[in-house]
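Okay, here's what each chain looks like letter by letter:
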Amino acid sequence: MILAARVLVALVASSLVVVVVTAAAAKSPSSQRHAGAAATDGLAALLQKQQPQQRPPPVPRFPHSNETRRHRAFSTAHVAAQARATRHNEPEGVFRARSSTAPYHTNDGTGPVNLTAARGLVRDMFMHGYYGYLDYGYPEDELDPVLCQGQPAQGDYQLTLIDSADTLAIMGEWREFAHAVQLIEQIPTIGIAGKGNVSLFETNIRILGGLLSTHLIAQKSLVTYKGKLLDLAIDLGNRLMPAFNAPSGIPFGTVNLRHGVPPDETPVVCTACATSLSLEFGYLSHLTGNPKYALAAKRAAQQVWALRSDLDLVGNHLDSETGEWTSKASGIAGSLDSMYEYFLKAWIVFHDPDYYELFVQSYEAVERHASFNHWHILVMMQNGYPESATFASLQAFWSGMQVLAGDVYRGTQMMERMCELMSYVPFFPELVGVGDWTYTSHKDWPQRPELVESMLAVYQATKDPGMFEAGLDFTLRMYDWTITECGYAGIRDVTTMELLPRQESFFLSETLKYLYLLFDPDNEYNRPEYVFTTEAHPLPVLVNSRHGNWLARIDPSRRAAASPPATAAVEGLKSAATHGSVAADGQPRPGASSSAGARLRELLWQVLARGDDRVTVPPPRRRAQKKPSHALESRWAREKRRVPWTDQMCDAREARIARGLYSLAPPGGLGTLWIGDWGHMRRRVF
């Protein structure tokens, strides 16, 4: 009732704001009215976005979600009764007690989250799972945390070790990081110890991405490192290249690391598998100076996008030989999810406007056609008709991607809905019916990281301390319900909390990494000059040269054109500034309508966020009557020291970061709601 009352009050307040703004516009001088209208119309036409809808009703309570017992004993029935006094494992009972005894809130549990204690818990959880893998799973791909033994997973290439090595560095465990690098350097050739058949997608994001990020960190931090991991990455990249030999340029889904594509390999490949290669392959081209990797990944993405429907929607599986769609369901769920993410992040990292165009078109199409009752579902790519009214746990990444793209309003609204859903279920099951809010047959939770990935992005954009509460609650749930004597297990059924005997490599590489970064806001890898791959491997954003993007420097014939300027929008804003309604920087002039100025400023910010206008970063504006804040000055000083701005042509995101404008209010000046005020965050699930 409290939440419903707050929503009603917010709706009434927003209606009053609209009435006041309309009345103020009617009384304004004609010159200001025409200038403001020209600016708003030009910007709105350029954006071509639907206005965000009102907040949806609360999520109905799931049946039986509150009948599960609160505390679960260790699942030791299948574990051999033998002493495990290794140098890694802590004394018995330490992990069981920590969740309930550590001071995770200040002021005796009544204050905000104690970030030091929360970081310590996440670090201890990681080391427990990592040491468990080294003791019982290595050199297999993964750990069975119930039987405490190794098990194969993807390609017999020590998956967990390579995938989680950079997490050690991010957490400051430098001795263990150096040891992990040494273990990886001992691998003669990646993935040929077994049969050699591997998934192109999984090998790319987990192994190639892990090798590249670990190489970059080791090159910067380890004095004795000689670049062996880059050699392994180059060898692996060359062994993956035969997957692109299909006539269409769309890669096969499986490749043999010894012999190329298997003769009996099916040509059917998932859309995300074919289009989520640009970051790793692009960075491999950057480090080697060989453009073949980046060009192959980019050609695959463009070929898939060329097969889209008239609605700018793509299916989730296609034939790489014929280019025919074998499954025409479209949305943001699995088999499609990382395509949008890589379109955006490839533009941010490499400043390639082609990827920007791919992202904008695909993002607008999904928001327009694949939304049902404020949740994203699967629709048919030809006509947008609903195909499956379900919410997949993989879709939780979308909120963080929206924030990264600058659509903070939609991103925070989706985060609110997901946090409310988490108040009714212990963990997100793989699929949930959003029409009648019922469980499907897919009730498992395989340690997915997408929700905490979005929590981190939302916090970075809004500085909302409620994200600490949400992240801590999620961490304690994992600790209380999934810990075993040698690691952490997934959940086979979220209604019974039965354990799934598998510790995924991405639990260490993504889930715990994002949680640690959430509780460590000042961590180096929280800076905007790093972008995380879909497997959470950090890659530095490349310098955006005035003389062309990175690919042009490798291959001059590929010089990219600058993004087209937002002529009508910018001219409309200049006209409004000239006639006195807003200043040149988008701030409302004294006596002008503050709501109109906020609207113009927000629309301009969204244009810049989408990169429609390329700008050269000016020095910070200093007003005589008001000294800039210390945070703005320090950020500007740091950015100025890092990059010689006078020699750079910066895209809009870089300009926004340098000006300290990374997070602004949503359209209409309504502001971002604080998650701690939603009411349901304090509700116990069990």
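Shown above is the structure to which this text applies.
Every value quoted in this text rests on a predicted model; they were computed, and no experiment measured them.

Considerations on the overall build of the chain
Okay, step 1: Across its full length, the chain carries 24 helices and 19 strands.
Okay, step 2: Expressed as a percentage of contacts within the chain between residues at least 6 apart in sequence, the contacts between residues at least 24 apart total 72%.
Okay, step 3: For the chain, the computed accessible surface area is about 28100 Å², with 53% contributed by carbon and sulfur atoms.

Notes on the state of the cysteines
Okay, step 1: All chains considered together, the criterion is met by two disulfides.
Okay, step 2: The disulfide bridge from Cys148 ends at Cys486, spanning 2.2 Å between sulfur atoms. Because the sign of the S-S torsion sets the handedness, a value of about -105° for the bond joining Cys148 and Cys486 places this disulfide among the left-handed ones. With Cys148 in the loop between strand S1 (142–144) and strand S2 (149–151) and Cys486 in the loop between helix H18 (466–482) and strand S16 (490–493), this residue pair connects regions lying 338 residues apart in the sequence.
Okay, step 3: Judged by its relative accessible area of 9%, Cys148 is buried.

Points about the sheet that holds strand S7 (residues 325–327)
Okay, step 1: The three strands are arranged S5-S6-S7 in an open sheet whose pairing can be described as antiparallel. Whereas interior strands pair on both sides, the edge strands pair on one side only; in this sheet they are strand S5 (268–270) and S7. On average, each strand axis in the sheet is tilted by 35° relative to the strand beside it, whichever way the strands run.
Okay, step 2: Pairing analysis gives two bridges linking strand S6 (residues 317–319) to S7, with the strands arranged antiparallel. Counterpart to His317 in the pairing with S7 is Ser327.

Details of the pairing of S16
Okay, step 1: Relative to strand S17 (residues 498–500), S16 is paired through three bridges, and the arrangement is antiparallel. Bridged to Ile491 within S17 is Leu499.
Okay, step 2: Taking the residues that link successive antiparallel strands as the turn, the S16-S17 hairpin has four residues, and the phi of Met497 there is positive, at about 60°.

Re helix H13 (residues 337–350)
Okay, step 1: Its 14 residues place the ends of H13 20 Å apart at the C-alpha level, agreeing with the 20 Å of an ideal helix rising 1.5 Å per residue.
Okay, step 2: When you tally the buried positions in H13, you get 14 out of 14 residues, the bulk of the element.
Okay, step 3: A positive phi of about 60° marks His351, the residue just after H13.

Details of the pattern of salt bridges
Okay, step 1: What the rule picks out here adds up to 18 salt bridges.
Okay, step 2: A salt bridge links Arg206 to Glu142; its shortest N-O distance comes to 4.0 Å. One end of the pair, Arg206, is in helix H8 (residues 200–221); the other, Glu142, is in strand S1, with 64 residues separating them in the sequence.
Okay, step 3: Its salt-bridge partner being Lys298, residue Asp352 comes within 2.7 Å of it at the nearest N-O pair. Note that Asp352 is positioned in the loop between H13 and helix H14 (353–369) and Lys298 in helix H12 (residues 292–306), a separation of 54 residues in sequence.
Okay, step 4: Residue classification places Lys298 among the buried positions, given a relative accessible area of 12%.
Okay, step 5: Shared partners join several salt bridges into a network, and the residues in it are Glu142, Glu202, Arg206, Arg502, Glu504 and Glu535.

Overview of the packing of aromatic side chains
Okay, step 1: For the coordinates displayed, the defined rule picks out 23 aromatic pairs.
Okay, step 2: A ring pair is formed by Tyr133 and Tyr138, whose centres lie 6.2 Å apart and whose planes are at 80°; its orientation type is edge-to-face.
Okay, step 3: Residue Tyr133 is classed as buried on the basis of its relative accessible area, which comes to 0%.
Okay, step 4: When the ring of Tyr459 is compared with that of Phe468, the centres are 4.6 Å apart and the planes differ by 40°; the resulting orientation is tilted.

Comments concerning the sheet that holds strand S15 (residues 438–439)
Okay, step 1: If you trace the three strands from one edge of the open sheet to the other, you get S13-S14-S15, paired in antiparallel fashion. Edge strands, defined here as strands with exactly one partner in the open sheet, are strand S13 (390–392) and S15.
Okay, step 2: As paired elements, strand S14 (residues 431–433) and S15 share two bridges and run antiparallel to each other. Pairing of Val432 across the sheet is with Tyr439, part of S15.

Details of the environment of Met381
Okay, step 1: With respect to the helices and strands, Met381 occurs in the loop between strand S11 (378–380) and strand S12 (386–388).
Okay, step 2: We classify Met381 as buried; its relative accessible area is 4%.
Okay, step 3: If we ignore the near neighbours within four places in the chain, the residues touching Met381 are Leu307, Arg308, Ser309, Leu311, Leu313, Val314, Gly315, Trp325, Lys328 and Ser330.

Thoughts on the packing of helix H9 (residues 228–240) against helix H11 (residues 278–288)
Okay, step 1: One way to put it is that H9 packs onto H11 with a least axis distance of 11 Å and a crossing angle of 125°. As far as their axial angle goes, H11 and H9 are oblique. Handedness of the crossing formed by H9 with H11: left-handed. Across the interface between the two elements, Leu230, Ala233, Ile234, Gly237 and Leu240 from H9 touch Phe281, Leu284, Leu287 and Thr288 from H11.
Okay, step 2: Of the residues assigned to the contact of H9 with H11, the class counts are seven nonpolar, two polar and no charged.

Quick word on the nonpolar core
Okay, step 1: Counting residues in hydrophobic clusters, the biggest one holds 166 residues, and the most contacted among them are Tyr130 and Leu211.
Okay, step 2: In terms of residues, this core owes the most to one element, helix H5 (residues 115–137), which gives twelve residues.
Okay, step 3: Those residues in contact with Tyr130, other than ones at most four positions away along the chain, are Leu161, Ser164, Leu168, Glu176, Ala180 and Leu508.

Some remarks on the packing of H13 against H14
Okay, step 1: In contact at an axis separation of 8 Å, H13 and H14 are set at 145° when each is read in the N-to-C sense. Where H13 crosses over H14, the handedness of that crossing is left-handed. Along its contact with H13, which presents Tyr340, Phe343, Leu344, Ala346 and Trp347, the element H14 presents Pro353, Tyr355, Tyr356, Leu358, Phe359, Ser362 and Val366.
Okay, step 2: Within the contact of H13 with H14, the residues separate by chemical class into eleven nonpolar, one polar and no charged.

Here's the deal with unusual backbone geometry
Okay, step 1: Pro139 follows Tyr138 through a cis peptide bond whose omega is 5°.
Okay, step 2: Inspection of the secondary structure assignment puts Pro139 in the loop between H5 and S1.
Okay, step 3: If you check the backbone angles, Gln158 has positive phi at about 55° while not being a glycine.
Okay, step 4: Along the chain, Gln158 turns up in the loop between S2 and helix H6 (159–170).
Okay, step 5: Here Met497, not a glycine, exhibits a phi torsion of approximately 60°, which is positive.
Okay, step 6: Counting through the fold element by element, Met497 comes out in the loop between S16 and S17.

Reading the values: the criteria
Residues numbered from 1 in each chain as written. Predicted model: local features only at pLDDT ≥ 70, side-chain atom pairs only at ≥ 80, totals over all residues. Heavy atoms only, no water. Helix = DSSP H or I, 4+ residues; strand = E, 2+ residues; numbered from the N terminus. Contact = heavy atoms within 4.5 Å. Areas by Shrake-Rupley, 256 points an atom, 1.4 Å probe, with all protein chains shown as cover. Disulfide = S-S within 2.5 Å. Buried < 20%, exposed > 50% of the residue type's maximum accessible area, 1.4 Å probe, protein only. Pairing = 2+ DSSP bridges. Axes fitted to C-alpha atoms, helices over the stretch in contact; angles between N-to-C directions. Expected span 1.5 Å × (residues − 1). Salt bridge = Lys/Arg side-chain N within 4 Å of Asp/Glu carboxyl O. Phe/Tyr/Trp six-rings, centres within 6.5 Å; stacked < 30°, edge-to-face > 60°. Parallel < 35°, antiparallel > 145°, perpendicular 65-115°, else oblique. Left-handed = near helix turned anticlockwise from the far one by under 90°. Nonpolar A, V, L, I, M, F, W, Y, C, P; charged D, E, K, R; others polar. Core = buried A, V, L, I, M, F, W, Y, C linked by side-chain atoms within 4.5 Å.

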